[in-house]
Amino acid sequence: MKLLKKVTNTDGTVEVKLFVSTTEDLWHLYNFILAGDTVKTITKRKVAKENSIGVSHAQVKTLNLQIEVKSVDFTPDEIRIHGLNRSESEFVQLGAHHSLTIHSFPPQEVTVCKKEWDSVVEERLKEACNQEGKADTAAVMMNFGEAQVFLVTASLLYCKAKIDVTIAKKHKNDASARDKSINRFFRQVLDAILHHIDFEKIKVVLICSPGHVREEFNTYMKQEAAKSDNPRLHLLQQNLSKFILVKVNSTTTGGLKEAFSDPAVATKMESTRCVSDIRVWEKFQSTMNRNPDLCVYTPQCVLGAALAGAVGSLMVSDSVFRSENPVVRRFYLSLINLIKKQGGTSVNIFSSNHVTGEQLAQLGNIAAILQFDCPELEEIEVNPDFMNTEEVAEFIRENYTAKVHS
């Protein structure tokens, strides 16, 4: 993502113009845009027209509209912004509902105007525009007959291909049918790798499996790469050093977490943010097993620990900052502000699209490793309506800092 312009308007709102060109850009934009923001970009709309004899027909018009955001949906291919039109247009009435679709291809310019500008928004913008900080990884999770090809960035994990081939059973006197089906499976996996992995950008390719299928596939891949008459295989030959074989117990995204925890993999991925997140998460899990009194989770308990000055490492899912409820967003931002003021505390914002974020979601989207025990936290009575309490309102009033235009 490229930042083309950033200005503070006379009414106090902050306006940024962004150039979106990759799937990860879409993910960052999805996290950046909140309900209440306005978004301006080019869109298309069918417009009904009547000709001179009264016959109506539809025309597709290209419009430059500004939408007040009500909700945002994400897929790896596009984000859809639903809201109300706030721009003068011959074809769309003011206040009419409209949806903007933003793709990574072809690249697109998007202008976002925000009433609230805080430290989390600022950091997300810097991260999105930091092209040098992206050390992308690819992973192939496979077992005999099934495989998935994932692309992994610092913020995003998504499946690009699924392969499913029936492997013939091995007969006592004839294994040719099984060998042919395995070769067919390996061929499809290799084709998916060559089609979806850009070796100019990808620094590490993980081949992960239980059993020994990864070794057999690696042997097959090297034999195919030696066939220099094919330009794609010649490119594969030049990049074989990027492949790492990793034993995992499952082919799910949980298996990916195992792979990322492997020391050889972590060394190769040293510059990616997800390695830092995984290390903190592993430390939380090991501390939970060794000394559970030094681990807390859920907003209510983490707040109690923060007020006591006990938080050593904080983990928060980025999903909380996409909440349509401004109280939720302001609570978590206030909590981060408080903990950073206390000093000596690490704050990791996990991507909800990574394996760490998925696991953190099961603990209420927030957890912390403590510097010392807080026995008083055991006496906290969990309030399911905690976010609507006066305690939260008072905490936000004392700790929330952001430019707000109302």
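The model shown is predicted, which means the values in this text are computed figures rather than measured ones. (Residues numbered from 1 in each chain as written. Predicted model: local features only at pLDDT ≥ 70, side-chain atom pairs only at ≥ 80, totals over all residues. Heavy atoms only, no water.)

### So, the overall build of the protein
Then, in step 1: Looking only at helices and strands, one finds twelve helices and 18 strands in the protein.
Then, in step 2: Counting the 406 residues in the protein, one finds 49% classified as buried.
Then, in step 3: Of the contacts formed within the protein by residues at least 6 apart in sequence, a portion of 68% connects residues at least 24 apart.
Then, in step 4: Carbon and sulfur atoms make up 49% of the accessible area of the protein, which amounts to about 20200 Å² in all. (Helix = DSSP H or I, 4+ residues; strand = E, 2+ residues; numbered from the N terminus. Buried < 20%, exposed > 50% of the residue type's maximum accessible area, 1.4 Å probe, protein only. Contact = heavy atoms within 4.5 Å. Areas by Shrake-Rupley, 256 points an atom, 1.4 Å probe, with all protein chains shown as cover.)

### Quick word on the packing of helix α1 (residues 23-32) against helix α2 (residues 119-129)
Then, in step 1: As a packed pair, α1 and α2 sit with axes 10 Å apart at the nearest point and diverge in direction by 170°. With respect to their mutual orientation, α1 and α2 come out roughly antiparallel. On the side of α1, the interface is formed by Asp25, His28, Asn31 and Phe32, while α2 contributes Val121, Arg124, Leu125, Glu127 and Ala128. (Axes fitted to C-alpha atoms, helices over the stretch in contact; angles between N-to-C directions. Parallel < 35°, antiparallel > 145°, perpendicular 65-115°, else oblique.)

### Points about the nonpolar core
Then, in step 1: Core analysis: the biggest nonpolar cluster contains 64 residues, and Leu29, Met142, Phe217 and Leu236 have the highest contact counts within it.
Then, in step 2: The dominant element in this core, judged by the number of residues it contributes, is helix α3 (residues 176-196), at eight residues.
Then, in step 3: Three or more residues apiece are contributed to this core by two domains, here domain 1 (2-129) and domain 2 (137-269).
Then, in step 4: If we ignore the near neighbours within four places in the chain, the residues touching Leu236 are Leu190, Leu194, Phe199, Met221, Ala225 and Phe243.
Then, in step 5: Counting 33 residues, the second largest nonpolar core, distinct from the first, contains Phe321, Leu333, Met387 and Tyr400. (Core = buried A, V, L, I, M, F, W, Y, C linked by side-chain atoms within 4.5 Å. Domains from an automatic or database assignment.)

### As for the side chain of Ser317
Then, in step 1: Note on placement: Ser317 falls in strand β15 (residues 311-317).
Then, in step 2: Overall, Ser317 belongs to the buried group, its relative accessible area being 1%.
Then, in step 3: A distance of 2.9 Å separates a polar atom in the side chain of Ser317 from a polar atom in the side chain of Ser319.
Then, in step 4: When sequence neighbours within four positions are dropped, the list of residues in contact with Ser317 reads Ile349, Phe350, Ser352, Leu360 and Asn365. (Polar contact = N/O pair within 3.5 Å; in protein donor to acceptor, adjacent residues only side chain to side chain.)

### Here's the deal with the pairing of strand β12 (residues 204-209)
Then, in step 1: Counting buried positions over the six residues of β12 gives six, a clear majority of the element.
Then, in step 2: The side-chain alternation of β12 yields two buried faces, one formed by Val204, Leu206 and Cys208 and the other by Val205, Ile207 and Ser209.
Then, in step 3: Bridge count for strand β9 (residues 137-143) against β12 is five bridges, and the pairing is parallel. Note on β12: the bridge partner recorded for Met141 is Cys208.
Then, in step 4: Two strands pair when backbone bridges link them, and β12 and strand β13 (residues 243-247) are joined in this way by five bridges, in the parallel orientation. Each bridged residue has a counterpart across the sheet, and for Cys208 the counterpart in β13 is Val246. (Pairing = 2+ DSSP bridges.)

### A short note on the domain arrangement of the protein
Then, in step 1: Looking at the protein, the domain boundaries give domain 1 (2-129), domain 2 (137-269) and domain 3 (283-399).
Then, in step 2: Between the C-alpha centres of domain 2 and domain 3 the distance comes to 38 Å.
Then, in step 3: Across the boundary between the two partners, domain 2 contributes eleven residues, which contact seven residues of domain 3.
Then, in step 4: The contact between domain 2 and domain 3 buries some 660 Å² in all, and 55% of this surface belongs to carbon and sulfur atoms.
Then, in step 5: Of all residues in domain 2, Ser155, Leu157 and Lys257 give up the largest surface area on contact with domain 3, accounting jointly for 62% of the area buried on that side.
Then, in step 6: Remark: the boundary between domain 2 and domain 3 carries zero salt bridges. (Buried area = accessible area lost by both parts, 1.4 Å probe. Salt bridge = Lys/Arg side-chain N within 4 Å of Asp/Glu carboxyl O.)

### Remarks on the sheet that holds β13
Then, in step 1: Reading across from one edge, β11-β10-β9-β12-β13 is the order of the five strands in this open sheet, with mixed pairing throughout. Here the strands that pair on one side only, and so sit at the sheet edges, are β11 (157-164) and β13. Each strand axis lies, on average, 20° off the axis of its neighbour in the sheet, ignoring direction.
Then, in step 2: Of the strands in this sheet, β9, β12 and β13 touch helix α4 (residues 213-225), which is tilted by about 160° from β13.

### Structural notes on the state of the cysteines
Then, in step 1: Scanning the model with the defined rule gives zero disulfides in all.
Then, in step 2: Looking at the unpaired Cys129, the closest cysteine sulfur is the one in Cys113, lying at 17 Å.
Then, in step 3: Counting only cysteine sulfurs, Cys374 is the nearest neighbor of Cys295, a cysteine outside any disulfide, at a range of 12 Å.
Then, in step 4: Judged by relative accessible area, which is 7%, Cys295 ranks as buried. (Disulfide = S-S within 2.5 Å.)

### With respect to a negative patch on the surface
Then, in step 1: A contiguous patch of negative charge on the surface is contributed by Asp293, Asp373, Glu376, Glu378 and Glu379.
Then, in step 2: Along the chain, the position of Glu378 falls in the loop between β17 (366-370) and α12 (390-399). (Patch = residues over 30% accessible without salt bridge, like charges linked within 9 Å, V, L, I, M, F, W, Y side chains within 5 Å. Lys, Arg positive; Asp, Glu negative; His and termini not counted. Charge placed at Lys NZ, Arg CZ, Asp CG, Glu CD.)

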